[in-house]
Amino acid sequence: MTAHTTPAGPAAGPRAARRRLIRELLLVAGFFTVYKAGRLLSTDRTGEAFRNADRIRDAERFLHLPGEGAVQRLLLHGDALVTTANTYYAAVHFPATALFLIWLYVRRPAHYLWTRRVLAVLTGVALVLHLAYPLAPPRMIPATGLIDTGQVYGPTVYRAAPDADTLANQFAAMPSLHFGWALMLAIGVIAATRRGGKAGKAGVGGVGGGKRSRLRMLWLLHPLVTLVVIVGTANHYWLDAIVAAALLGIALLVVPRPRATERNGAATATVTGPRTEIGAGAGTDADGGDEGAVPGLPRRKDTTETVGAGK
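Only a predicted model underlies this, so the values are computations on that prediction, with no experimental measurement involved.

**Q** Lay out the packing of aromatic side chains with the relevant residues and their values.
**A** Evaluation of the coordinates by the stated rule reveals four aromatic pairs. An angle of 70° between the planes, with centres 6.2 Å apart, marks the rings of F50 and F171 as edge-to-face. Placement of F50 in helix α2 (residues 46–62) and of F171 in the loop between α7 (149–153) and α8 (177–192) is noted, with a sequence separation of 121 residues between them. Ring centres of F94 and W181 lie 5.6 Å apart, and the angle between their planes is 80°; this geometry places the pair in the edge-to-face category. Linking F94 in helix α5 (residues 93–107) with W181 in helix α8, this pair joins segments that are 87 residues apart in sequence. Residue W181 is classed as buried on the basis of its relative accessible area, which comes to 10%. In this structure, R257 is placed above the aromatic ring of W114, and the distance from its NZ or CZ to the ring centre is 5.4 Å.

Right, dumping it as structure tokens:
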């Protein structure tokens, strides 16, 4: 770990915070642009995508995985249910991830850097697989007996003809980033709100710490609902989600997790790993995190923050 401790003063004030914010926005926007452009490179590999779909269906039968049709039949019990599922698929994926990253950046800077790096590793590997292994989703395979719920009930983010879709690569089904990002969102929130003290310690507003700790596990409902949605709308196979979860597990092993430490009575957030940069918070909340910490804000003279030499 390359890091040093420097006193926080006016030099680390609003101007430095603005520079960090602009840099983060450019990094995220640049990575997203490269990802979207890269996905479109395999849009003309239709024949290969359908052959791979046959292989995935054979693999699922070999593994005795349940058919995707069982989930879709549940959604088709009512128009409102399937429309809600389509809306969740179309409207929750990016906004939820963006809001999650913004919250981490403002309230949990160390966890923000950790999460951003994990998502970058996951998405980068996924892009390579999308290019190397184009895969037609089950809604395109007549043999599955599934319908394209987005086209039939709406709303949809895809055009009916994949070749005419210039905004999305409809053959980028393996792995499912819808599921991978949703799972990381849940893991990230749970990790960022992990209690630093004993389970019985009172939480904010007098709420018991143990109860609050249990409630944060409800964030796992997001990837669970996402899994039902991506399979039930016939946009993904079970194996798409399984591979995404496996890749996320590898990314979590590769990217070091943040640790909360106490130095001289002041909370200092550090990240183990090479050349780490974070903005320290104004203090710690009942969860052990740097509650209300905006990177780079001025602090008292007796307070220190750990700042890495780079990214």
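That was the structure; now back to the text.
**Q** Give a detailed account of the packing of helix α3 (residues 68–75) against helix α10 (residues 221–232), specifying residues and quantitative values.
**A** At a minimum axis distance of 8 Å, the contact between α3 and α10 shows a crossing angle of 100°. Judged by the inter-axis angle, α3 sits roughly perpendicular to α10. Contacts between α3 and α10 involve E68, V71, Q72 and L75 on the former and, on the latter, V228, V231 and G232. Split into classes, the residues belonging to the contact of α3 with α10 amount to four nonpolar, two polar and one charged.

**Q** I'd like to hear about the side chain of T115, residue by residue, with values.
**A** Looking at where T115 falls in the secondary structure, it is placed in helix α6 (residues 109–132). Residue T115 is classed as buried on the basis of its relative accessible area, which comes to 0%. Excluding residues within four positions of it along the chain, T115 makes contact with F100, L101, L104 and M184.

**Q** Help me get a handle on unusual backbone geometry, residues and values and all.
**A** Put simply, G154 and P155 share a cis peptide bond, and its omega is -10°. Within the secondary structure, P155 is located in the loop between α7 and α8. Of note in the backbone geometry, H64 takes a positive phi value of approximately 60° without being a glycine. By the secondary structure assignment, H64 is in the loop between α2 and α3. The exposure class assigned to H64 is exposed, which follows from its relative accessible area of 71%. Even without a glycine there, the phi angle at A234 is positive, about 65°.

**Q** How would you sum up α3? Please name residues and give values.
**A** For α3, the complete set of buried residues consists of E68, G69, V71, Q72 and L75. One side of α3 holds all its buried residues, which, seen down the axis, span an arc of 160°. Turned more than 90 degrees away from the buried face of α3 sit R73 and L74, all of them exposed. Those residues of α3 that are buried lie in contact with α2, α4 (79–91), α7, α10 and α11 (238–254).

**Q** Describe the confidence of the model for the chain, and please don't skip the residues or the numbers.
**A** Mean pLDDT over the chain works out to 77, with 68% of the residues at or above the 70 mark. The low-confidence segment residues 261–311 (pLDDT under 50) makes 152 contacts with residues lying over four places distant or belonging to another chain.

Reading guide: rules and limits
- Residues numbered from 1 in each chain as written.
- Predicted model: local features only at pLDDT ≥ 70, side-chain atom pairs only at ≥ 80, totals over all residues.
- Heavy atoms only, no water.
- Phe/Tyr/Trp six-rings, centres within 6.5 Å; stacked < 30°, edge-to-face > 60°.
- Helix = DSSP H or I, 4+ residues; strand = E, 2+ residues; numbered from the N terminus.
- Buried < 20%, exposed > 50% of the residue type's maximum accessible area, 1.4 Å probe, protein only.
- Lys NZ or Arg CZ within 6 Å of the ring centre and 35° of its normal.
- Axes fitted to C-alpha atoms, helices over the stretch in contact; angles between N-to-C directions.
- Parallel < 35°, antiparallel > 145°, perpendicular 65-115°, else oblique.
- Contact = heavy atoms within 4.5 Å.
- Nonpolar A, V, L, I, M, F, W, Y, C, P; charged D, E, K, R; others polar.
- Arc of directions from axis to C-beta.
- pLDDT = per-residue confidence, 0-100.

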